[in-house]
Amino acid sequence: MTELRWQPVAYRRRGLLALLVLGQTFLGVWLLSHSLSLAHEGWPAILLVSLFAILFTWIGLGFWTAVFGFVMLRRGGDPFSLSQQLSEEPGTQSFEGRLALVMPVCHEPVQRSLGNLQAVYKELEDKGWRNKVDVFVLSDSQDPEVWLEEQAACAELSAGMADGNRLFYRRRRVNLNFKSGNIADFLRRWGARYRYMVVLDADSLLTASAIEKLVQLMEQRPQAGIIQTAPRLARAETRFARLQQFANRCYGRIHSAGLAAIQLGDANYWGHNAIIRVAPFMAHCGLRRLRGWGLFRGPVLSHDYLESALMGRAGFEVWLEPAIAGSYEESPPTLKDDLIRDRRWCRGNLQHLVPLLTMAKLRFSHRLALLTGILCYLASPLWLAFLGLSGYLAMAGTPGSQPLPGLIGASSANWSLAGACLIGLTVTTLLGPRVLALVDQGLAGRETLFGGGWRMAANTVGETPVSLILAPIRMIAHSGHVAGAFLNRSLRWQSQNRTGAGGMAQALQHFAWPALVCAGVLAMIQWYSPNLTPWALPVTIPVLIAPLLNVWLAGAGTGQRMIVPEQVSAVPVITRASVAHRLGKRLPSLSWFEQAVLSPHYSCWRHRQTGPSHGCKQRALKSLVDRCAVQGPGALTGSEISLLCDHPEAMQSLHLKAWQAEPDSPWGAALARLSLNLGPIQTATHTHRTQPEHSPWIGVAS
């Protein structure tokens with residue numbers, strides 16, 4: 001690869017972006033100032049204009065980023081991106097050593113997440129990546145029924161691997177610092193063995209070609225510390241997920257291209273579907289716990305932006321490469337699940353205020369990225385304050401007038417010109433990227449991938465109103481997330497629902513309070529200023545019907561609507577991940593713990609090497625074994641079951657006691673259920689021939 005001097009180009013592009021955004025904001029503020037009537041002069045008008053300036057800058061940044069992406073795509077791609085510099089050499093020839101494929105999990109759907117991992121690994125095998133890949137499943141799961149299933153699934157995956165490739169399952173007993181702590185634990189133990197690691201989320205899919213390109217770019221660009229792909233949404237099943245997927249696939253192309261063109265080697269890391277140079281990451285990207293108060297104390301939740309900033313501070317480059325195809329993730333299946341995920345992201349992004357203000361020598365672009373991440377959520381309460389102040393100014397206007405709150409006063413002589421121009425500018429800024437995206441897809445000849453030009457346009461017309469209806473719901477929810485974060489309300493780290501579920505009861509439980517608050521606000525507006533009610537309805541009605549919207553959007557989407565390229569042309573890794581294949585055989589009548597105890601060959605404790613237990617620990621384990629043998633698994637807590645499973649001697653003792661249990665005991669009932677699965681013991685020889693998966697049980701059962 002020739003020497004790539006991207007910094008001067010990046011400075012020029014960012015300067016142009018700043019001029020465009022600030023120029024548009026200045027024009028918007030000027031139009032707003034001339035739209036306000038004279039009765040609105042004073043501090044409320046000044047505060048309104050200040051809020052408008054911040055918010056208009058925010059939406060203007062998204063608009064001009066899309067314009068940059070449109071221009072880059074029209075010129076055939078960014079000549080300063082790494083992908084444009086990629087040579088045609090095979091990706092594996094120049095790479096010596098082993099690659100770590102890392103998937104952190106925490107109470108994820110086991111079959112779905114490890115099925116994704118299996119699909120990625122099998123693609124690598126088919127591409128000839130033998131003796132080059134080590135796969136790590138890093139579990140923070142605490143529920144024994146979850147991590148025992150993870151172990152069984154990983155054992156089956158490992159048994160099916162090609163010679164020379166290895167899979168390792170590691171479960172932390174203490175979940176320090178969440179996902180970043182899990183990755184740090186892996187790096188402390190095994191990081192020095194690997195030059196690169198590819199990080200996957202539980203819903204991630206990467207094609208072998210994408211991984212090869214990432215490795216090849218790393219090999220050819222020693223200055224690169226992280227190379228991030230632009231994941232595309234896939235495998236959507238509900239209406240909500242299909243809407244999100246269509247928006248991502250249709251509009252996201254120009255946004256990611258524009259973001260990459262502006263950031264170049266100062267891009268952000270999004271925590272997954274990326275390749276990392278391990279040595280500098282270990283040396284420079286460790287995260288300390290925050291030592292402030294409230295929200296700003298404890299582990300960093302949103303670690304990825306900070307890790308890219310620290311990599312940049314150490315002198316390494318971080319690249320976003322949207323031209324690398326074959327990177328996929330999944331959307332939350334429902335609106336409720338999407339907002340639950342945003343609650344965690346909101347808290348993590350707001351924590352970035354501390355490093356933004358206190359961390360020295362960060363690059364300006366990374367500081368700006370931290371700031372925009374904070375504004376992603378602070379924008380919602382700012383919009384809410386803007387609307388509230390607009391209503392106040394409207395009520396303070398001329399009696400009997402029908403003003404558009406905060407923008408156009410009917411008593412102003414200039415409203416028809418300045419107000420109309422401001423509305424046109426705002427609509428263009430908000431909807432312009434969608435129009436540019438449609439034009440880009442058409443000019444690139446990609447409309448057939450979306451079912452044809454007319455269908456793509458119709459789907460856009462259908463998706464846009466839904467996104468506008470959901471905008472007030474997100475604004476109210478995010479404002480609540482921000483308030484909860486600053487009040488330091490407890491946040492439970494939980495896995496994401498990935499399959500769609502729940503009904504009206506759960507929707508009412510989640511959206512009841514916002515709906516009640518909006519109903520009260522609407523009643524007050526109607527009581528004090530009925531002429532403002534029509535302007536309040538577009539904001540309040542979506543929140544009032546949010547439970548109904550959530551239930552409808554959680555329904556199954558049809559394949560003929562919101563078509564995306566992966567439906568027109570199947571992607572093998574997605575097809576392979578979607579094929580139902582049960583990993584880790586569990587007898588349906590037994591829990592995973594019961595199977596672990598009764599199985600004569602269960603690997604979770606048979607092959608574990610631990611030292612003998614003495615003293616208090618030995619007495620505690622004996623007490624647990626005796627209690628479980630008499631009262632059954634229901635007598636133990638999850639942590640007590642995990643403690644037993646971590647000690648082979650205790651499990652061996654419980655195994656013998658369970659098989660000798662009386663028929664009317666809990667373990668006797670478990671053995672009776674087992675006999676129903678295995679068939680009559682008298683026909684053990686026939687069972688062994690016809691059902692080889694049951695053969696380890698035959699000798700014990702006989």
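The residue numbering used here restarts from 1 in each chain and proceeds along that chain's sequence as written. For this predicted model, a pLDDT threshold of at least 70 governs which residues receive local features, and a threshold of 80 or more governs which side-chain atom pairs are given and counted, while totals over whole chains, interfaces and linings are taken from all residues. Hydrogens and water are ignored here; the side-chain numbers use all heavy atoms of the structure.

(A) Up close: the overall build of the chain. Think of it this way: any DSSP run of H or I at least four residues long counts as a helix, any run of E at least two long counts as a strand, and we number them from the N terminus. For the chain, the helix and strand inventory stands at 27 helices and 12 strands. Counting every position in the chain, which comprises 702 residues, the buried fraction comes to 52%. Throughout, a residue-residue contact means that at least one pair of heavy atoms, one from each residue, lies within 4.5 Å. Here the contacts in the chain between residues at least 6 apart in sequence split such that 83% fall between residues at least 24 apart. All accessible-area figures derive from a Shrake-Rupley calculation using a 1.4 Å probe, and residue coverage is judged against the displayed protein chains alone. A total accessible area of about 31,500 Å² is found for the chain, and carbon and sulfur atoms account for 61% of it. A 1.4 Å probe rolled over the protein chains alone gives each residue an accessible area, and that area as a share of the maximum for its type sets the label: buried under 20%, exposed over 50%, partly exposed in between.

(B) Summary view of the sheet that holds strand E12 (residues 327-329). Strand order across the open sheet formed by 3 strands is E5-E12-E7, with mixed pairing between neighbours. Each edge of the open sheet carries a strand with a single partner, namely strand E5 (205-206) and strand E7 (232-233). Only strands that DSSP links by at least two bridges are regarded as paired with each other. Relative to E12, E5 runs antiparallel, the two sharing 2 bridges. Bridge assignment links leucine 206 to a residue of E12, and that residue is serine 327.

(C) Region of the structure containing the pattern of salt bridges. Salt-bridge detection follows one rule: a side-chain nitrogen of Lys or Arg within 4 Å of a carboxyl oxygen of Asp or Glu. Using the criterion set out here, one finds 30 salt bridges in the structure. Where lysine 336 meets aspartate 337, a salt bridge forms, and the shortest distance between an N and an O atom there is 3.8 Å. Aspartate 337 carries the same exposure label as lysine 336, and that label is buried. What you see here is one network of salt bridges that share partners, running through Arg112, Arg235, Glu237 and Glu330.

(D) Examining the nonpolar core more closely. Buried Ala, Val, Leu, Ile, Met, Phe, Trp, Tyr and Cys residues form a nonpolar core when they are joined through side-chain atoms within 4.5 Å. Formed by 54 residues in total, the largest nonpolar core has its most connected members in Leu101 and Leu114. Contacts of leucine 114, omitting those with residues within four sequence positions, involve Met103, Val137, Glu150, Ala153, Cys154, Leu157 and Leu583. Ile254, Leu339, Met475 and Val543 belong to the second-largest nonpolar core, a separate cluster that totals 38 residues.

(E) Layout of the side chain of arginine 242. Mapping arginine 242 onto the fold places it in helix H7 (residues 239-263). No salt bridge is formed by the buried arginine 242; the nearest opposite charge belongs to glutamate 237, separated by 8.9 Å. Within the structure, arginine 242 has its side chain in polar contact with the backbone oxygen of arginine 561 (distance 2.9 Å). Within polar-contact distance, the side chain of arginine 242 engages the side chain of glutamine 567 at 3.1 Å. Note on charges: Lys and Arg go in the positive column, Asp and Glu in the negative column, and His and the chain ends are not counted at all. Counting of polar contacts relies on pairs of N or O atoms within 3.5 Å, with two restrictions inside protein: one atom must be capable of donating a hydrogen and the other of accepting it, and residues adjacent in sequence are counted only when both atoms are side-chain atoms.

(F) Focus on the confidence of the model for the chain. For every residue, the predictor reports its confidence as pLDDT, a number between 0 and 100. Residue-level pLDDT values for the chain average 85, and 86% of them are 70 or greater. The low-confidence segment residues 398-414 (pLDDT under 50) makes 42 contacts with residues lying over four places distant or belonging to another chain. A low-confidence stretch, residues 681-702 stays under pLDDT 50, and its non-local contacts, those more than four residues away or across chains, total 24 contacts.

(G) Representation of unusual backbone geometry. Positive phi outside glycine occurs at histidine 107, with the angle close to 55°. Among the structural elements, histidine 107 can be located in the loop between strand E1 (99-105) and helix H3 (110-126). Given the relative accessible area of 28%, histidine 107 is considered partly exposed. Unusually for a residue other than glycine, asparagine 488 sits at a positive phi of about 60°.

(H) Inspection of the packing of H7 against helix H14 (residues 453-486) at higher detail. All axes are obtained by fitting lines to C-alpha atoms, using only the stretch in contact for helices, and the reported angles, taken between N-to-C directions, cover 0 to 180 degrees. Interaxial distance between H7 and H14 falls to 10 Å at its minimum, and their mutual angle equals 115°. When the axes of H7 and H14 are compared, the crossing they make is left-handed. On the side of H7, the interface is formed by Phe240, Leu243, Gln244, Phe246, Ala247, Cys250 and Tyr251, while H14 contributes Met456, Asn459, Thr460, Glu463, Thr464, Val466, Leu470 and Arg474. Only Asp, Glu, Lys and Arg are considered charged, only Ala, Val, Leu, Ile, Met, Phe, Trp, Tyr, Cys and Pro nonpolar, and every remaining residue, Gly among them, polar. When grouped by side-chain class, the residues that make up the contact of H7 with H14 number 9 nonpolar, 4 polar and 2 charged. Crossing handedness is defined as follows: a turn of the near helix away from the far one that is anticlockwise and smaller than a right angle gives a left-handed crossing, while the clockwise case is right-handed.

(I) Fine view of the pairing of strand E4 (residues 196-199). Burial of the side chains of E4 extends over both faces: Tyr196 and Val198 are buried on one face and Met197 and Val199 on the other. With 4 bridges joining them, E1 and E4 adopt parallel strand pairing. If you follow leucine 101 over to E4, its bridge partner there is valine 198.

(J) Looking closely at helix H17 (residues 546-553). Three or more residues of H17 are buried, namely Ala546, Pro547, Leu549, Asn550 and Leu553. Taken down its axis, H17 places every buried residue within 160° of arc, on the same side. On the buried face of H17, the contacting elements are H7, helix H10 (335-350), H14, helix H15 (504-528) and helix H16 (533-544). Starting at the helix axis, one direction is taken to each C-beta atom, and the arc is that of these directions.

(K) Representation of a nonpolar patch on the surface in the model. Side chains of Met504, Leu508, Leu537, Ile541, Leu544, Ile545, Leu548 and Val551 sit close together on the surface and give an oily, nonpolar patch of about 590 Å² of accessible area. Those elements giving two or more residues to the nonpolar patch turn out to be H15, H16 and H17. Patches draw on residues past 30% relative accessible area with no salt bridge. Two like charges within 9 Å are joined, as are two nonpolar side chains (Val, Leu, Ile, Met, Phe, Trp, Tyr) within 5 Å.

(L) Spatial organisation of the environment of phenylalanine 136. Mapped onto the elements, phenylalanine 136 comes out in strand E2 (residues 133-139). Each C-alpha atom, one on phenylalanine 136 and one on phenylalanine 186, is 8.6 Å from the other, the two residues being 50 residues apart in sequence. In this view, phenylalanine 136 contacts Ala100, Leu101, Val102, Met103, Phe168, Phe186, Trp190 and Tyr194; residues no more than four positions away in its chain are not counted.

(M) Summary view of the sheet that holds strand E11 (residues 317-321). The strand order E3-E2-E1-E4-E8-E6-E11 describes an open sheet built from 7 strands, whose pairing is mixed. Of all the strands in the sheet, just strand E3 (166-171) and E11 have a single pairing partner and so form its edges. Going from strand to strand, the sheet's axes swing by 20° on average, the running direction of each strand aside. The pairing of E1 with E2 spans 7 bridges and is parallel. For valine 105, the partnering residue across the bridge sits in E2 and is serine 139. Most of the contacts of helix H9 (residues 303-313) go to strand E6 (residues 224-229), to which it runs at about 145°, and overall it touches E6, strand E8 (274-277) and E11.

(N) Summary view of the environment of tyrosine 528. Among the secondary structure elements, tyrosine 528 is positioned in helix H15. Each C-alpha atom, one on tyrosine 528 and one on methionine 395, is 8.7 Å from the other, the two residues being 133 residues apart in sequence.

(O) View of the side chain of serine 302. Looking at the secondary structure, you find serine 302 in the loop between strand E10 (297-298) and H9. A distance of 3.2 Å separates polar atoms of two side chains, one belonging to serine 302 and the other to asparagine 349.

(P) Local environment of H10. The span you would expect from a helix comes to 1.5 Å times its residue count less one. Look at H10: 22 Å from first C-alpha to last across 16 residues, which is about the 22 Å you get at 1.5 Å a residue. Among the 16 residues that make up H10, 13 are buried, leaving the element largely enclosed by the rest of the structure.

(Q) Examining the packing of aromatic side chains more closely. Aromatic rings from Phe, Tyr and Trp, with only the six-membered ring used for Trp, were paired whenever their centres fell within 6.5 Å, and each pair was classed as stacked if the ring planes differed by under 30 degrees, edge-to-face if by over 60, and tilted otherwise. In total, this model carries 16 aromatic pairs according to the counting rule given. With a centroid separation of 5.7 Å and an interplanar angle of 70°, the aromatic rings of tryptophan 6 and tryptophan 319 are classed as edge-to-face. Here the residue tryptophan 6 occupies a position in the segment before helix H1 (7-35), and tryptophan 319 occupies one in strand E11, the gap between them amounting to 313 residues. Owing to a relative accessible area of 2%, tryptophan 6 belongs among the buried residues under this scheme. Classification of tryptophan 319 by relative accessible area gives buried; the value is 1%. Seen from their ring centres, phenylalanine 63 and tryptophan 64 are 5.0 Å apart, and the 80° between their planes marks the pair as edge-to-face. Each member of the pair, phenylalanine 63 as well as tryptophan 64, is classed as buried. Three or more aromatic residues joined by ring pairs form one cluster here, namely Phe136, Phe168, Phe186, Trp190 and Tyr194. We call a charge positioned above a ring when the Lys NZ or Arg CZ atom is no farther than 6 Å from the ring centre and deviates by at most 35 degrees from the ring normal. Taking the ring centre of tryptophan 147 as reference, the NZ or CZ of arginine 171 above it sits at 4.0 Å.

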